[in-house]
There are 2 protein chains.
Amino acid sequence: MDEFASIRHWTSGRQSESWQRERGVRLGIGDDAALIDPAAPIAGVGSPYEYIMAMDTMVETVHFNEVTMSYEDIGYKALAANVSDIAAMGGVPLQALISVSVPRQLGPEPMRRLYDGLYACAEQYGVAIIGGDTTSSPQHLVVAVTVTGAVEAGQALRRSGARPGDAVVLTGPVGMSAAGLHFLLAQRERGADALAGERVGQLVQAHRRPSPSVRAGRLLLARGTCHSLNDVSDGLASEAWEIAEASGLVVTLKEQQLPRSGSMAAYAGAAGIDPLEWMLYGGEDYVLLGTIEQNDAEAAQAAFHKEGLPFYIIGETSAGDPAVELLRSTDRGDLRQPLAKRGYNHFE
Amino acid sequence: MDEFASIRHWTSGRQSESWQRERGVRLGIGDDAALIDPAAPIAGVGSPYEYIMAMDTMVETVHFNEVTMSYEDIGYKALAANVSDIAAMGGVPLQALISVSVPRQLGPEPMRRLYDGLYACAEQYGVAIIGGDTTSSPQHLVVAVTVTGAVEAGQALRRSGARPGDAVVLTGPVGMSAAGLHFLLAQRERGADALAGERVGQLVQAHRRPSPSVRAGRLLLARGTCHSLNDVSDGLASEAWEIAEASGLVVTLKEQQLPRSGSMAAYAGAAGIDPLEWMLYGGEDYVLLGTIEQNDAEAAQAAFHKEGLPFYIIGETSAGDPAVELLRSTDRGDLRQPLAKRGYNHFE
């Protein structure tokens, strides 16, 4: 199968032209480039709106391997990680372009499965797949995705807007993806039953099929009290550092208030790992970390809960040189522990 | 140097905020995503305009290696190949996102050079670099680029608009990039002086630093007589096939009228290669192949020449099942030779 036949095999018949038109698309896959109507009304987004653009790449052996992810998972997660960047700006995802660099020995069927997962995520979040590129790769699969979105003009939620005295909030638990990854790698080394009996299913799911917080981002933007927002791709501590540095203040996280998934904690106990390590430094959680006006924090929490969405008030910001600290309650009273800037770093 | 420090080292101070604003950018590198004003006036583009989006990836060992390209060349060409896709729609390039997957042993300095080349191309074509992603790679360098552009709404030049009786036109010579690549690979095998004396400098330049035909695409669009357009990335024959299939007609290329670069022909002679092979199947020329109304062809040519731009009328289209043929003049009269669909195919 040649390159063009492969692309048709992977993509044709997946999304209708009218469905794509509702997302601003005037010309999708098949020409030198795609065409977008930047004035098209977007359902649920006020006019005028700005376009959001982000790009996120997954590389075999760095982000996944044959035991951690199926091809469907790779496609799903590659798009989900990008959608999360749109959520982190308070926006609605619209379109995506996909570049795959395919090992020569792989053949078209695994890639068809990758596109099955990718289109499943696209359907879940309403993303029109409008183009991309297909090349061969000498050895490893690389999936690069560009995603667009829309957000009301001038209202995008950036990292740099936090103010001293804000409440620090989180839209979901952290550390589950890292725990799921640990299980998948441990399973390979120790055999499938080594850690059976723990509730690992949802940890594996959290690693393979993350759920970007698009709805949460929209709710936070609509409140008008959210000053800064980030998605947790590189770990809670690292994302808190980004807000601290971009906004020029201190972020204090309260250990007692960090959401701790029961299955994650149980698995960490069985595996002999401090769950806090995964919660602070695990990454790939794709929940949102933000800061909002202190006096709106509880009302925001109530509003989220009313919609069945998780919402945690996990700390506060204060004036000072950029830093992130963890407030721990010990027998000897409260302890303020500085948190290192490290997260998942591709150059370490 | 960590990931964020590397990105700053490669990108900061390269393009001013005001320069980026003129290209619609409201927020560039540094947050989860970039922000674009889709209503911003774009110099030289009529309103209302549509957005153009394309993505193109270069992979070490597939598209380049250590003898064919310097790091500066890799960066330059990765963006140039993308800009060519905007030119092929008749548009003006605006913004780009860059994803680099960097072998762990490489270190930041070669990447700095890659970004030197990339920003040189960005300056040449007025492209704002607004974001991207940086990951590590187990072995090979991968550079994926997404580019945006603008074109007057409803006027983009597609592959599918050719009509029987059109003139087939080309905005520059073909086969030079393939000849340059042949020289660079032969040089490695036979030593630096093996093919000295030939004018290989411009062939090497054509391979390493292609010049996308943005101005030519704009001129063709403005005439209102151009029915279809493609950029020559995979070879003249392959691109002609794309127009033939998308438009449902026969494309006839006239051998006598194909532009033949003197340095390419001289080098082909010295290397014992039929130059036609490179001209038809070489690829990576990044000139434009299109069809225009027959009665405007000569006027278009005169207009191009007046601007100092090359323009070749190389054939015509006719009704029939999609096909591409080469009209050759031989001792026994004219010969119509069907051209195979092959071009550079990443799955062969």
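The rules behind each value
Within any chain, residue numbers begin from 1 and follow the written order of that chain's sequence. All chains are assigned letters beginning at A, and all ligands numbers beginning at 1, according to the order in which they are written. Reporting in this predicted model follows two pLDDT cut-offs: at least 70 for local features of residues, and 80 or more for side-chain atom pairs to be given and counted; totals over whole chains, interfaces and linings ignore these cut-offs and use all residues. Neither water nor hydrogens contribute to the side-chain values; these are computed over all heavy atoms in the structure. Stacked, edge-to-face and tilted labels apply to pairs of Phe, Tyr and Trp rings (six-membered ring for Trp) whose centres lie within 6.5 Å, assigned for plane angles under 30 degrees, over 60, and everything in between, in that order. Using a 1.4 Å probe on the protein chains alone, a residue whose accessible area is under 20% of its type maximum counts as buried, one over 50% counts as exposed, and one in between counts as partly exposed. Labels follow the DSSP assignment, with helices taken as runs of H or I lasting at least four residues and strands as runs of E lasting at least two, numbered in each case from the N terminus. Working rule: Lys NZ or Arg CZ, within 6 Å of ring centre, within 35 degrees of ring normal, means a charge sits over the ring. Least squares is the method for superposing the copies, and the C-alpha atoms it fits come from residues with pLDDT of at least 70 in both. In this description, contact between two residues means that some pair of their heavy atoms is separated by no more than 4.5 Å. UniProt positions are given in the numbering used here, feature names are shortened, and annotations may be inferred rather than shown by experiment. Strand pairing is assigned whenever DSSP identifies at least 2 bridges connecting the two strands. An axis is simply a line fitted to the C-alpha atoms; with a helix, the fit covers only the stretch in contact. Between two such axes, the angle follows the N-to-C directions and lies from 0 to 180 degrees. Cavities and pockets were defined on a 1 Å grid built from protein atoms only: a cavity is a group of points that admits a 1.4 Å probe but offers it no way out, a pocket is an open group of points flanked by protein on both sides within 12 Å along at least five of seven lines, and a lining residue is one with an atom within 4 Å of any such point. Grid points are joined across faces, edges and corners, and a volume is the space filled by probe spheres set on the points. When residue character is reported, Ala, Val, Leu, Ile, Met, Phe, Trp, Tyr, Cys and Pro are called nonpolar, Asp, Glu, Lys and Arg charged, and the others, Gly included, polar. Note: buried area is the sum, over both parts, of the accessible area (probe 1.4 Å) each one loses when the two are combined. Here, a salt bridge means any Lys or Arg side-chain nitrogen found within 4 Å of an Asp or Glu carboxyl oxygen. Whenever a nitrogen or oxygen atom comes within 3.5 Å of another N or O atom, the pair is scored as a polar contact, on the condition that within protein one atom can donate a hydrogen and the other can accept it, and that pairs from neighbouring residues in sequence are kept only if both atoms are in side chains. Relative orientations are named as follows: roughly parallel for angles under 35 degrees, roughly antiparallel for angles over 145 degrees, roughly perpendicular for angles from 65 to 115 degrees, and oblique for any other angle. Crossing handedness is defined as follows: a turn of the near helix away from the far one that is anticlockwise and smaller than a right angle gives a left-handed crossing, while the clockwise case is right-handed. Here the expected span of a helix is defined as 1.5 Å times the quantity of residues minus one. These domain limits were set by an automatic method or by a database of domain assignments.

Our focus in this paragraph is the packing of aromatic side chains. A full pass over the atoms with the stated rule returns 13 aromatic pairs over all chains. Residues Phe304(A) and Phe311(A) carry aromatic rings whose centres are separated by 4.6 Å and whose planes lie at 45 degrees to one another, so their mutual orientation is tilted. With respect to burial, Phe304(A) and Phe311(A) carry one shared label: buried. A ring pair is formed by Phe183(B) and Tyr267(B), whose centres lie 6.0 Å apart and whose planes are at 85 degrees; its orientation type is edge-to-face. Of this pair, Phe183(B) sits in helix 5 (residues 176-190) while Tyr267(B) sits in helix 9 (residues 262-271), and the two are 84 residues apart along the sequence. Residue class for Tyr267(B) comes out buried when judged on its relative accessible area of 0%. Members of the aromatic cluster, joined through ring pairs, are Tyr49(A), Tyr51(A), Tyr49(B) and Tyr51(B). Between the NZ or CZ atom of Lys341(A) and the centre of the ring of Trp241(A), over which it lies, the distance is 5.6 Å.

Note on the copies: chain A fits chain B at an RMSD of 0.0 Å, the axial shift is 0.0 Å, and the rotation between them is 180 degrees. Taken together, the rotation and translation relating the two chain copies correspond to the operation of a two-fold axis. No C-alpha of chain A approaches the rotation axis more nearly than that of Pro38(A), which lies at 2.7 Å. Of the residues that chain A buries at the interface, 100% are likewise interface residues in chain B, meaning the two copies contact each other through the same surface.

So, on to the UniProt feature "binding site: Mg(2+) 3" (unreviewed entry) in chain A. Residue and element names in this part refer to chain A. As annotated by UniProt and renumbered to match this structure, "binding site: Mg(2+) 3" (unreviewed entry) occupies Asp 32, Asp 85 and Asp 231. A stretch of 200 residues holds the annotated residues, and the largest C-alpha distance among them is 32.6 Å, long enough that they do not meet in one place. As for its position among the elements, Asp 85 is in helix 3 (residues 71-87). The exposure class assigned to Asp 85 is buried, which follows from its relative accessible area of 8%.

Read across the open sheet, the six strands follow the order 5(A)-4(A)-6(A)-3(A)-2(B)-1(B); overall the sheet is mixed. On the outer flanks of this sheet lie strand 5 (128-137) of chain A together with strand 1 (25-27) of chain B, each paired with one strand and no other. Put simply, the sheet's adjacent strands are angled 25 degrees from each other on average, direction ignored. Here two bridges tie strand 1 of chain B to strand 2 (residues 34-36) of chain B, and the two strands are oriented antiparallel to one another. When the bridges of strand 2 of chain B are listed, Val25(B) appears paired with Ile36(B). Strands strand 4 (92-103), strand 5 and strand 6 (142-152) of chain A of the sheet are contacted by helix 4 (residues 108-125) of chain A, whose axis makes an angle of about 170 degrees with strand 4 of chain A.

Counted under the stated rule, the structure contains one cavity of 30 Å³ or more. There is about 50 Å³ of room inside the largest cavity. What lines the largest cavity is simply Val59(A), Ser137(A), Pro138(A), His140(A), Val142(A), Ser137(B), Pro138(B), His140(B) and Val142(B). Grouping the constituent residues of the lining of the largest cavity by class yields five nonpolar, four polar and no charged.

Opposite the 66 residues of chain A that make contact, chain B presents 66 residues. Counting each side, the surface lost to burial between chain A and chain B is near 5400 Å², with a carbon and sulfur contribution of 59%. For the pair chain A and chain B, the interface holds four salt bridges. For the pair chain A and chain B, the number of links is 15 residue pairs in polar contact (both at pLDDT 80 or more). Elements with a minimum of two residues in the side of chain A that touches chain B: helix 1 (3-11), strand 1 (25-27), strand 2 (34-36), strand 3 (49-59), strand 4, strand 5, strand 6 and strand 8 (226-231) of chain A. With 10 residues, the top contributor of residues to the side of chain A that touches chain B is strand 3 of chain A. For the side of chain A that touches chain B, the class distribution of residues is 32 nonpolar, 18 polar and 16 charged. Sheet analysis places strand 3 of chain A next to strand 2 of chain B, joined by three bridges and oriented antiparallel. Residue Tyr51(A) lies in a different strand from strand 2 of chain B, and its bridge partner there is Ile36(B).

Further remarks concern the packing of helix 7 (residues 214-223) of chain A against helix 11 (residues 297-306) of chain A. All names here are of chain A. Remark: helix 7 packs on helix 11, axes separated minimally by 11 Å, with the N-to-C direction vectors making an angle of 140 degrees. Our classification of the angle between helix 7 and helix 11 gives oblique. As helix 7 packs across helix 11, the resulting crossing turns out to be right-handed. Along the contact surface, helix 7 presents Ala 216, Leu 219, Leu 220 and Arg 223, while helix 11 presents Ala 299, Ala 300, Ala 303 and Phe 304. Each residue belonging to the contact of helix 7 with helix 11 can be placed in one class, and the counts come to seven nonpolar, no polar and one charged.

It is possible for side chains bearing opposite charge to pair when their charged atoms get close. Applying the stated rule across the entire model yields 36 salt bridges over all chains. The residue Arg209(B) makes a salt bridge to Asp73(B) at a minimum N-O spacing of 3.0 Å. One end of the pair, Arg209(B), is in the loop between helix 6 (201-208) and helix 7 (214-223); the other, Asp73(B), is in helix 3 (residues 71-87), with 136 residues separating them in the sequence. For Asp73(B), a relative accessible area of 7% translates into the label buried. Put simply, Glu255(B) and Arg328(B) hold a salt bridge, and the shortest N to O gap is 2.9 Å. Here Arg328(B) lies in strand 12 (residues 323-330) and Glu255(B) lies in the loop between strand 9 (250-254) and helix 9, a separation of 73 residues in the sequence. A single salt-bridge network, built from bridges that share partners, covers Asp31(A), Asp32(A), Arg159(B) and Glu242(B).

Residues and elements named next belong to chain A. Considering the arrangement of structural elements, one finds Gln 15 in the loop between helix 1 and helix 2 (17-21). Reaching out from Gln 15, the side chain makes a polar contact with the backbone oxygen of Val 127 at a distance of 2.9 Å. Excluding its chain neighbours within four sequence positions, the residues that come into contact with Gln 15 are Gln 20, Tyr 119, Ala 122, Val 127, Ala 128 and Ile 129.

All names here are of chain B. In a regular helix each residue adds 1.5 Å, so 12 residues correspond to 16 Å; helix 8 (residues 236-247) covers 16 Å between its end C-alpha atoms and thus fits that length. Among the residues making up helix 8, those that are buried are Leu 236, Ala 237, Ser 238, Glu 239, Ala 240, Trp 241, Glu 242, Ile 243, Ala 244 and Ser 247. Just past helix 8, the residue Gly 248 takes up positive phi, approximately 70 degrees.

A few words now on the domain arrangement of chain A. All names here are of chain A. Each assigned domain of chain A is listed with its residue range as follows: domain 1 (3-152) and domain 2 (167-338). Here the C-alpha centroids of domain 1 and domain 2 sit 27 Å apart. Listed by partner, the interface residues are 27 residues for domain 1 and 22 residues for domain 2. At the boundary of domain 1 with domain 2, total buried surface from both sides reaches about 2000 Å², with 55% on carbon and sulfur atoms. Of all residues in domain 1, the largest losses of buried area upon contact with domain 2 belong to Val 67, Thr 68 and Lys 77, amounting jointly to 25% of the total for that side. Where domain 1 meets domain 2, there are four salt bridges. A salt bridge links Arg 208 to Asp 73, with the nearest nitrogen and oxygen atoms 3.5 Å apart. For the pair domain 1 and domain 2, the interface holds nine residue pairs in polar contact (both at pLDDT 80 or more). Every element with two or more residues in the side of domain 1 that touches domain 2 is listed here: helix 3, strand 4 and strand 6. Considering each element in turn, the side of domain 1 that touches domain 2 owes the most residues, 10 residues, to helix 3.

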